Amino acid sequence: MRISRPIARARAGKALTSAGRGLLLALLALTVSLPLFIAGVLGFAYSATGIGILITPAITRWVRGFAERERRRAAAWSGVRIASPYRPRPDTSGDGAMLRLLRSWRWVWGDSATWRDLLWLFVNIPVGLVLGLLPAYLVALSVQFVLAVPMLAVTGGSVAYWWVAFGLGAVTLPLTPFAGGPILKAHARFSASLLSPAKQTLAARVGALTESRSQVLDSSASELRRIERDLHDGAQTRIAALGLNIGLAEQLVRQDPDAAVALLAEARESSGLALADLRNLVRGIHPPVLAERGLDGAIRALALTVPLPVELDLAVPDALPAPIESAVYFALAEAFANAVKHGGNRISVHVRRVEPDSLGEPILLVASVRDDGRGGARVQPGGGLDGIAQRLAAFDGGLAVHSPAGGPTIVSMELPCA
Amino acid sequence: MRVVLAEDQALLRDGLIRLLTAFGMEVPAAVASGPELVDALLEYRPDVAVVDVRLPPTFTNEGLSAAIEARARIPGLPVLILSQHVERLYARELLAGGGGGIGYLLKDRVSDVRRFVEAVRDVAAGGTAMDPEVVAQLLAGRGHEQTLERLTAREREVLAVMAEGRANAAVGARLGITEKAVSKHINNIFMKLDLLPAEDDNRRVLAVLRYLDG
């Protein structure tokens, strides 16, 4: 079989690339995995003395940064996508420095992903070393076998051995370009087994989604019942009365014009009330301003109806799915009402889009409403904030309320938007 | 008086034409979309435009933006906006260009024929006609602004009814006070808002604008 020169060159390049990448993996296993593993274990071990708590944020940043790079490497080199498993960082803005450290310590060590990262660092020391060195070793070995022939010619030795060595080299050398890739992929698979979200985490997520889905079904069913009742008791009844009055007026218009006029006036009033009913209903289903101005304009319009000065900092992405726009709109309306209830003097609102830190995470729409009222807001079952939380849960989003006694109150929400 | 009409629902458009002509107004053009509206306004230069907020092609706030665009090209063109819902945001945008000749009413108000026609005439004459619901939204969203804090509760009520485009007698009737008391309140309002009698501008319109344009 003849192999053209460009193909041979490409194959040699492939073999050398795999060898180089493997050497890098081996190097990282020795010089990064090992010290980071030691640092992580020491960081946790010394938590009781306080030093561990102080150094936890830095160690986490290094460990997670290194693990994230490994996840990206696995995707880029071997096409193995590894989702990021970390729990979202709790909102610690507004906490004191000490409390912030403690909360972030709990966030890190309470997350099984941290322990899996550490386990990966430990196992990666031998596995990364062996699998990393293997592609380069294969290339070196094959080359050595082939070169062994002229070398032995100079130094002397058994002719049979020459041929065996040369034969081995001639067979293995062309195979090296095809061995490097799978070896690196094996390493990526090994990484995926520990760096992906744990099965329990996924199971928990499926559980949470199932629950939020049934809540949504419940709430949309009761929403439909409410709309049906509102229409039945409101607009429908009024329009029926309207028809009745107009019919009567039609009968009376010749014999008793005055009575007919009175009936018509009543009919007109009834039509106005029916429209007002429908308007309120529509506002509760899908606010017209949202259809006319999108989320940005609708938030601005909403802010103008709040009896407090509202400072807006909006960077709302265009072309959001309509259900998300309306979820955010109603959530903000509820948060505004909440801020007014807690006696704030001013409200500030931030809405922005947040790019994910790592692969496989969705883009988030993040909104926060801050007021300087007396604080003490809680998410109570059946309350307004609970309603927002359920509405957002339907979109796999969430709500956090930070409201110490004495204020300020920050209601922050996030939901995936793409 | 010549009125250009923009309303995409044929039933309502025909009804409005019938209503306006019954009260001696002329409707040289009745259009059904935003771009047509701007063209018609530039062509006919009416005394007032009566415009539905939501129009084709986008069915967003096409009518509102067409009206604002037309007012930029024909300064002071009186515009009366009709809508199924009112937003303080839109009222503010309409008023942002300054000057009077602005009306913003719920479509329901059409059924009170006499008051609706009165509002059309007021706006054509350079006055303002704000829907009571817009005014209610403004009242709800207020209370923190300094200029208006200087007004007493009664003066604010008077100003709110004035914003709807009502004359002194009607203001008095609504609030159950004499016309004389109304004009006393109005003078106090002018003073507190620093609107001096020497100014040529219609102080009534200015006071309402100051009130509406938070």
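In short, a report on the structure. (Residues numbered from 1 in each chain as written. Chains lettered and ligands numbered in written order. Predicted model: local features only at pLDDT ≥ 70, side-chain atom pairs only at ≥ 80, totals over all residues.)

### Side note on the packing of helix α8 (residues 153-163) of chain B against helix α9 (residues 168-175) of chain B
All names here are of chain B.
And then number 1: Close contact between α8 and α9 brings their axes to 10 Å; oriented N to C, the two are set at 125°. By the criterion of interaxial angle, the relationship of α8 to α9 is oblique. In terms of crossing hand, the pair formed by α8 and α9 is right-handed. Between α8 and α9, the contacting residues are Glu-157, Val-158, Val-161 and Met-162 on the first element and Val-171, Arg-174 and Leu-175 on the second.
And then number 2: The class makeup of the residues in the contact of α8 with α9 is five nonpolar, no polar and two charged. (Axes fitted to C-alpha atoms, helices over the stretch in contact; angles between N-to-C directions. Helix = DSSP H or I, 4+ residues; strand = E, 2+ residues; numbered from the N terminus. Parallel < 35°, antiparallel > 145°, perpendicular 65-115°, else oblique. Left-handed = near helix turned anticlockwise from the far one by under 90°. Contact = placed C-beta atoms within 7 Å. Nonpolar A, V, L, I, M, F, W, Y, C, P; charged D, E, K, R; others polar.)

### Digging into the pairing of strand β3 (residues 48-52) of chain B
All names here are of chain B.
And then number 1: Along β3, five of the five residues are buried, which leaves the element largely enclosed by surrounding structure.
And then number 2: Across the two faces of β3 the burial is the same, with Val-48, Val-50 and Asp-52 and Ala-49 and Val-51 all buried.
And then number 3: Judged from the four bridges that link them, strand β1 (residues 2-6) and β3 form a sheet pairing that is parallel. Each bridged residue has a counterpart across the sheet, and for Leu-5 the counterpart in β3 is Val-50.
And then number 4: Relative to strand β4 (residues 79-83), β3 is paired through four bridges, and the arrangement is parallel. Of the residues in β4, the one forming a bridge with Val-51 is Ile-81.
And then number 5: Between the parallel elements β3 and β4, the chain passes through helix α3 (residues 62-73) in a crossover that is right-handed. (Buried ≥ 20, exposed ≤ 12 C-beta atoms within 10 Å, placed from the backbone. Pairing = 2+ DSSP bridges. Right-handed = clockwise from strand over helix to strand, strands pointing away.)

### Considering the interface of chain A and chain B
And then number 1: Opposite the 19 residues of chain A that make contact, chain B presents 16 residues.
And then number 2: Of all the secondary structure elements, the ones that give two or more residues to the side of chain A that touches chain B are α7 (257-285) and α8 (288-304) of chain A.
And then number 3: Of all the elements, α8(A) adds the most residues to the side of chain A that touches chain B, at eight residues.
And then number 4: Among the residues making up the side of chain A that touches chain B, the classes are represented as 10 nonpolar, three polar and six charged.

### Comments concerning the pairing of strand β4 (residues 398-402) of chain A
Residue and element names in this part refer to chain A.
And then number 1: As paired strands, β4 and strand β5 (residues 409-416) are joined by five bridges and run antiparallel to one another. The residue bridging Leu-399 from the neighbouring strand is Met-413, located in β5.
And then number 2: A loop of six residues connects β4 with β5, the two strands running antiparallel in sequence, and Gly-406 in this loop sits at a positive phi of about 95°.

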